[in-house]
Amino acid sequence: MHPEQNPLHSETDRLESLRPDPLRRALRSYAASIAATHAAPPASIVWLRAERRSRRLAIERAERPLRIMQVLGLVCAVLAAAWMLRQTGGLHPLPTMGTTMVILAIAMTILVIAGCWTMMHASRRLSS
Amino acid sequence: MTPAGEPGRGILARELELQPAEPMAAPMSELEFQRLYDATAGPILGYLVAVSGRRDVADDLLQETYCRLLARPRKASGLDADATRRYLFRIATNLVRDRWRSGETQSFAEPVEAGQAVDLDASIDIRAMLQHLKTRERQLLWLAYVEGMDHAEIAAATGLTRLSVRMLLYRARNKAKLLLHRGETTHAS
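About the criteria used
Residues numbered from 1 in each chain as written. Chains lettered and ligands numbered in written order. Predicted model: local features only at pLDDT ≥ 70, side-chain atom pairs only at ≥ 80, totals over all residues. Heavy atoms only, no water. Helix = DSSP H or I, 4+ residues; strand = E, 2+ residues; numbered from the N terminus. Buried < 20%, exposed > 50% of the residue type's maximum accessible area, 1.4 Å probe, protein only. Contact = heavy atoms within 4.5 Å. Polar contact = N/O pair within 3.5 Å; in protein donor to acceptor, adjacent residues only side chain to side chain. Core = buried A, V, L, I, M, F, W, Y, C linked by side-chain atoms within 4.5 Å. Salt bridge = Lys/Arg side-chain N within 4 Å of Asp/Glu carboxyl O. pLDDT = per-residue confidence, 0-100.

Participant: Could you clarify how one ought to interpret the overall build of chain B in this entry?
Facilitator: Of regular secondary structure, chain B possesses nine helices and zero strands. The helix and strand sequence of chain B, counted from the amino end, reads α-α-α-α-α-α-α-α-α. When each of the 189 residues of chain B is scored for burial, the buried share is 44%. The long-range fraction of contacts in chain B, counting pairs at least 24 apart against all pairs at least 6 apart in sequence, stands at 63%.

Participant: What is the right way to read the environment of R67(A) from this model?
Facilitator: Mapping R67(A) onto the fold places it in helix α3 (residues 43-87). With 56 residues separating them in the primary sequence, R67(A) and S123(A) have C-alpha atoms 8.3 Å apart.

Participant: What should I look at first to understand the side chain of T40(B) in this one?
Facilitator: Residue and element names in this part refer to chain B. Tracing the backbone shows T40 in helix α2 (residues 30-52). A relative accessible area of 7% means that T40 is categorised as buried. There is a polar contact of 2.6 Å between the side chain of T40 and the side chain of Y66. Apart from the residues within four sequence positions on either side, T40 is in contact with Y66, R85 and L88.

Participant: Help me understand the nonpolar core, please; the structure alone is not making it clear to me.
Facilitator: As a rule of thumb, soluble globular proteins bury nonpolar side chains together. With 58 residues, the main nonpolar core has L27(A), F33(B), Y66(B), M129(B), L141(B) and W142(B) as its most contacted residues. Per element, the largest residue contribution to this core is eleven residues, and it comes from α2(B). When near neighbours in sequence (up to four residues on either side) are disregarded, F33(B) contacts A43(A), V46(A), W47(A), M28(B), Y66(B) and L70(B).

Participant: What is the right way to look at the pattern of salt bridges in this model?
Facilitator: A side chain of one charge can pair with a side chain of the opposite charge when the charged atoms of the two come close. All chains considered together, the criterion is met by 13 salt bridges over all chains. In this structure, R68(B) engages E64(B) in a salt bridge whose closest nitrogen and oxygen atoms are separated by 3.2 Å. Residue R68(B) and its partner E64(B) are located together in helix α3 (residues 55-71), separated by four residues, close to a single helical turn. Judged by its relative accessible area of 28%, R68(B) is partly exposed. A relative accessible area of 13% places E64(B) in the buried class. Of the charged contacts in the structure, one is a salt bridge between E153(B) and R86(B), with a shortest N-O distance of 3.4 Å. Placement of E153(B) in helix α8 (residues 151-158) and of R86(B) in helix α5 (residues 81-101) is noted, with a sequence separation of 67 residues between them. Classification of E153(B) by relative accessible area gives partly exposed; the value is 25%. Residue R86(B) is classed as partly exposed on the basis of its relative accessible area, which comes to 26%. When salt bridges with common partners are traced through the structure, they connect R49(A), R53(A), D60(B), E64(B), R68(B) and R99(B) into a single cluster.

Participant: Help me understand the confidence of the model for chain A in this model?
Facilitator: Where the model shows low pLDDT, its predicted coordinates should not be examined in detail. Residue and element names in this part refer to chain A. For chain A, the average pLDDT comes to 76, and 73% of its residues sit at 70 or higher. Looking across chain A, the model is least confident in helix α1 (residues 7-18), with a mean pLDDT of 51, and most confident in helix α2 (residues 22-37), with 90. A low-confidence stretch, residues 1-9 (pLDDT under 50), is modelled with six contacts involving residues beyond four sequence positions or located in other chains.

Rendered as structure tokens:
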């Protein structure tokens, strides 16, 4: 019979646990001394802490898709700017796009990058 | 329209703040939590003090234990009082292990207040004994001797198998008795 299945096995343990034991007495005395000298903080404090954490997690969950879109917008803007700079670099001159249009496109790209960066920085600062 | 001074705030985030704070997704009301806390906080705190060896760490872990209980309503829902109590010990045990793995030093550096200890000599003996035991050994001894848990309950609280609990508890018990005897002998001489 497996020791775990032997009923006497567990019964022996139970009987042993009932015998006076100096270790048990010492540990319980120590537990009593801890209880006498160290009180737990009030339940209201723990409840408030849990509430604040729950609220913070809910805000983070709600902001997650916004942050993803901000990062994607920044990446797209950087890629677009790099492409346009490459186009105006003389290697592949644009036959139809005038200088004014290129300048406007570059300015818009810079604005988009700056806007995305500002929003991400502000979100991180407010959530920290 | 973004309020002045709050650039980049998400729309959803602002709406969450404007709405009244929703009650926590917890299976219990604040009153029920108060009752549970009053019934279990003392034993959990004693366990954490004994196992971690530091009262400041024990206070922090105690609050974290209940925060985690409230943060997981599905796990805690439907449990009776005993099962909730075991679940709390399980959470506390895991937190102590995580804290130990993160490198938090464990020491019984804080002396027992002489005017408040139930038995100063006994407390010093026990503290000296616990200091020489491993974290796992302290956990097993406390759950078995102070909380009165059987092997199955200890296994549920620590994540070990019953066979492992039996073996480890046996070794821890012998080691603790030897240390306690040495301490008593030292005091007697």
